[in-house]
Amino acid sequence: MTVLLAGLCTIDLVQRVRRLPEPGEKVQALEVDTAAGGPATNAAVTVAALGERARLLTVLGAHPLAGLARADLDACGVTVHDLAPEFPHPPAVSAVAVRERDGERTVVSHNAGTAPPGPLAWPEPAEPVRAVLLDGHHPELALGVARWARAAGVPVLLDAGSWKPVLTELLPLVDIAACSAHFRAPEGALRAVPAVLTTAGPEPVRWRAGGAEGEVPVPPVAEVADTLGAGDVWHGALAARVGDRLALPELIAFANEVAAERVRHRGPRSWVGPIRARWE
């Protein structure tokens, strides 16, 4: 089955450091990596690593930096549909620093600030789709894909990392909203969403659905090597198993296990092989 993902693709420049720099200070990197990044993109890599077909709808454009993302995603088994292949501006670059001792990271990014204006035409999939995952970074695209999914009876998952204006229209089309602990929505905005999940790093994931609620613990990790993209991996794992007739707590527990495996590995793609070997 295919998982359709729509959203942001960045170029992540990841530097591993002994300590995060103070303002005005320079530090030397221990390691440097580049990879495609962004919520929907990292989720797509996870879907592919778990043995499902991942189709990513995004904007890369014609800038040479876009080639780095295309090559990385091709190597990871993700099918990319670039919805603005002639767009001249570079993809957003995320500057990431990962602290050596505990894998904690800082990220500076422009997100989709230089995306092309106007609606983005996208190809409707010909094959059956298990789920749709949106990150809301290309608003008109997110709305179009969500409306298609609703008409087709395909579940819609939202990676709600931060509030975006499009969510006012998008949330009524969402079946599962997976929110970070820092997500702040206007009063009542989530009331119409059938299932709302809240992640908080190593803390239990809280959920409410159908009048019930609860929490699912996160597996302990003895040595956290790298937290970059762990939330994106969690969302991808969730999307990859929606429709497997798992109860919501079981689905969350699976995503927790996959994200825990990710943080055991240093680097932006070192986790792909172990996850593929364990679950594909």
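Residues numbered from 1 in each chain as written. Predicted model: local features only at pLDDT ≥ 70, side-chain atom pairs only at ≥ 80, totals over all residues. Heavy atoms only, no water.

1. Topic: the environment of V47
Piece 1. Structurally, V47 is set in helix 1 (residues 39–49).
Piece 2. Taking the C-alpha atoms as reference, V47 lies 11 Å from L133; in sequence the two are 86 residues apart.
Piece 3. Among residues more than four places away in sequence, those in contact with V47 are V3, L5, E52, R53, A54, G236 and A240. (Helix = DSSP H or I, 4+ residues; strand = E, 2+ residues; numbered from the N terminus. Contact = heavy atoms within 4.5 Å.)

2. With respect to the sheet that holds strand 4 (residues 53–58)
Piece 1. What the nine strands build is an open sheet, ordered 5-4-1-8-9-10-11-12-13; its pairing is mixed. The open sheet is flanked by strand 5 (78–82) and strand 13 (212–216), the only strands paired with a single partner. If you compare each strand with its neighbour and ignore which way they point, the axes differ by 20° on average.
Piece 2. The pairing of strand 10 (residues 176–180) with strand 11 (residues 195–200) spans five bridges and is classified as parallel. The partner of A177 across the bridge, within strand 11, is V196.
Piece 3. Along the sheet, helix 1 makes contact with strand 1 (2–6), strand 4, strand 5, strand 8 (129–134) and strand 9 (156–160), crossing strand 4 at roughly 165°.
Piece 4. With respect to the sheet, helix 3 (residues 139–152) is in contact with strand 1, strand 4, strand 8 and strand 9, its orientation differing from that of strand 8 by roughly 155°. (Pairing = 2+ DSSP bridges. Axes fitted to C-alpha atoms, helices over the stretch in contact; angles between N-to-C directions.)

3. Some remarks on empty space enclosed by the protein
Piece 1. Taken as a whole and judged by the stated rule, the model has three cavities of 30 Å³ or more.
Piece 2. Estimated volume of the second largest cavity: approximately 60 Å³.
Piece 3. Together, D12, A35, A36, N42, L228, G229, V233, R262, P268, R269 and W271 line the second largest cavity.
Piece 4. Split into classes, the residues belonging to the lining of the second largest cavity amount to six nonpolar, two polar and three charged. (1 Å grid on protein atoms, 1.4 Å probe; cavity = no way out; pocket = protein on both sides within 12 Å on 5 of 7 lines; lining within 4 Å. Points joined across faces, edges and corners; volume = space filled by probe spheres on them. Nonpolar A, V, L, I, M, F, W, Y, C, P; charged D, E, K, R; others polar.)

4. Points about the layout of surface pockets
Piece 1. Estimated volume of the largest pocket: approximately 1,400 Å³.
Piece 2. Considering the residues around the largest pocket, the lining is formed by 45 residues, among which R105, T227, A230, G231 and D232 are closest to the centre.
Piece 3. Those elements giving two or more residues to the lining of the largest pocket turn out to be strand 2 (10–17), helix 1, strand 6 (93–99), strand 7 (105–108), strand 11, helix 5 (230–241) and helix 6 (248–263).
Piece 4. Grouping the amino acids of the lining of the largest pocket by side-chain chemistry returns 19 nonpolar, 18 polar and eight charged.
Piece 5. In this structure, the second largest pocket is lined by L13, Q15, V17, P21, V27, A29, A95, V96, A97, T106, V107 and V108.
Piece 6. Elements that contribute at least two residues to the lining of the second largest pocket include exactly strand 2, strand 6 and strand 7.
Piece 7. Each residue belonging to the lining of the second largest pocket can be placed in one class, and the counts come to ten nonpolar, two polar and no charged.

5. Brief notes about the sheet that holds strand 6
Piece 1. Taken in spatial order, the four strands line up as 3-2-6-7 in an open sheet, and their pairing is mixed. Among the strands making up the open sheet, the edge pair consists of strand 3 (31–37) and strand 7. The mean inter-strand angle of the sheet, taken between neighbouring strand axes irrespective of direction, is 20°.
Piece 2. With four bridges joining them, strand 6 and strand 7 adopt antiparallel strand pairing. When the bridges of strand 7 are listed, V96 appears paired with V107.
Piece 3. Along the sheet, helix 2 (residues 64–75) contacts strand 2, strand 3 and strand 6; its crossing angle with strand 3, the most-contacted strand, is approximately 85°.

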